Amino acid sequence: MSHARCVFSFALELPVGHRCRAHAHACSEIVINVSSGGVLHQDGRRFRYEPRTAFVYQPGSMHWIENECAGRQICVGVVGAGAELLTPGVRPCDDELMTLAAMAYETAESNSEFKHARLDFLAGLIVLRLRELAPFDPDLTLSRAERAKAIIDASLDQKLDLDALARSVYLSPRYLRELFQKKFGQSPLHYLIRSRVERSKLLLETTEDTVQAIASECGFASSFYFSRMFKKLEGCSPTDYRERRLRAALKKAPGYSARER
């Protein structure tokens, strides 16, 4: 587990009716909701929140709130300490979390020469306390890699943005690459290209579609890019591959003889 690094720490005094714009962060964010209440909107889901609750946002997760009860929120951005393992959403706070959040805010407002070191330490304690309150299955992050793989498998004929893919499983692109590599032995991009090429091979063997049409059916931006990736992985062009498979099929056909070559 890596050491925690506090990216930001500040407090918000929210009035009734406050509505922030939809936004996302490049780090994990933990919001300790001290005394306000309302509705959290996160990646198309709605969560009601009350005083003494915590919100968790993972990198790239779009979120915004509609505040119905005036009060304070303390926001802490953090990288490391297993913050990426926290499940997004709203959860109850205990006294320890409330105290740690107050200490993080007070430290952020101070002029101590140890300010940044203290903030890193406190951010790590906040993450660890949240993990203690909501025990985490160590295989859950790997299941996120499996979910990403399932999305890729269902999107071979569509344009797929890998940053958006990472956001959809609540991970940063870098961390998704690490998990995917650990789980499947290759990066998401390599898996995507390999899967598209494998699908194209089936179409080359079983249809009379043009190379350009097959490139489009398999999600490649152009037939040139398709041919380049195909040759890189298979050692021949799509046209050569089709011809080789056709000759191989003819050899197996009943009545084939050497004179028919």
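See the structure printed just above.
Here is a short report on the structure shown in this document. (Residues numbered from 1 in each chain as written. Predicted model: local features only at pLDDT ≥ 70, side-chain atom pairs only at ≥ 80, totals over all residues. Heavy atoms only, no water.)

**A short note on helix 8 (residues 223-234)**
For helix 8, with 12 residues, the first-to-last C-alpha span of 16 Å sits near the 16 Å given by 1.5 Å per residue. Where helix 8 is concerned, the buried positions are Phe 226, Met 229 and Phe 230. For helix 8, the angular spread of buried residues about the axis comes to 105°, placing them on one side. For helix 8, the exposed residues lying more than 90 degrees away from the buried face are Phe 224, Lys 231 and Lys 232. Among the residues trailing helix 8, Gly 235 stands out with phi positive, at a value near 80°. (Helix = DSSP H or I, 4+ residues; strand = E, 2+ residues; numbered from the N terminus. Expected span 1.5 Å × (residues − 1). Buried < 20%, exposed > 50% of the residue type's maximum accessible area, 1.4 Å probe, protein only. Arc of directions from axis to C-beta.)

**What to know about the pairing of strand 2 (residues 28-33)**
With 6 of 6 residues buried, strand 2 is to be regarded as a mostly interior element. Neither face of strand 2 is left uncovered, since the one carrying Ser 28, Ile 30 and Ile 32 and the one carrying Glu 29, Val 31 and Asn 33 both have all their residues buried. Pairing of strand 2 with strand 7 (residues 71-79) involves 6 bridges; the strand directions are antiparallel. Counterpart to Val 31 in the pairing with strand 7 is Cys 75. Both strand 2 and strand 5 (residues 53-57) contribute to a ladder of 5 bridges, which runs antiparallel. Note on strand 5: the bridge partner recorded for Ile 30 is Val 56. (Pairing = 2+ DSSP bridges.)

**Remarks on the nonpolar core**
One finds Ile 30, Ile 32, Val 76, Val 78, Ile 126, Val 127 and Leu 130 to be the most contacted residues of the largest nonpolar core, which totals 25 residues. Every element with two or more residues in this core is listed here: strand 2, strand 5, strand 7, helix 1 (95-108) and helix 2 (115-133). Formed by 15 residues, the second largest nonpolar core is a distinct cluster that contains Ile 152, Ala 166, Tyr 175 and Leu 192. (Core = buried A, V, L, I, M, F, W, Y, C linked by side-chain atoms within 4.5 Å.)

**A word on the sheet that holds strand 4 (residues 45-49)**
Taken in spatial order, the 3 strands make up an open sheet running 4-3-6, and their pairing is antiparallel. Each edge of the sheet is formed by a strand with only one pairing partner; in this case those strands are strand 4 and strand 6 (63-69). Between one strand and the next, the sheet's axes are offset by a mean angle of 15°, whatever the strand orientation. The pairing of strand 3 (residues 37-42) with strand 4 spans 5 bridges and is classified as antiparallel. Note that in strand 4 the partner of Val 39 across the bridge is Arg 48. (Axes fitted to C-alpha atoms, helices over the stretch in contact; angles between N-to-C directions.)

**Notes on helix 6 (residues 188-206)**
Along its 19 residues, helix 6 runs 27 Å from first to last C-alpha, staying within 8% of the 27 Å computed at 1.5 Å per residue. All of the buried residues in helix 6 are Pro 188, Tyr 191, Leu 192, Ile 193, Ser 195, Arg 196, Val 197, Ser 200, Lys 201, Leu 203 and Leu 204.

**What to know about the packing of helix 6 against helix 9 (residues 238-252)**
Helix-helix packing: each pair is described by the crossing angle between the helix axes and the interaxial distance. Their axes nearest at 9 Å, the elements helix 6 and helix 9 cross at an angle of 50°. The pairing of helix 6 with helix 9 is recorded here as oblique in orientation. In this structure, helix 6 crosses over helix 9, and the sense of that crossing is right-handed. Packed against helix 6, whose contacting residues are Lys 201, Leu 203, Leu 204 and Glu 205, the element helix 9 presents Pro 238, Tyr 241, Arg 242 and Arg 245 at the interface. Of the residues contributing to the contact of helix 6 with helix 9, the split by class is 4 nonpolar, no polar and 4 charged. (Parallel < 35°, antiparallel > 145°, perpendicular 65-115°, else oblique. Left-handed = near helix turned anticlockwise from the far one by under 90°. Contact = heavy atoms within 4.5 Å. Nonpolar A, V, L, I, M, F, W, Y, C, P; charged D, E, K, R; others polar.)

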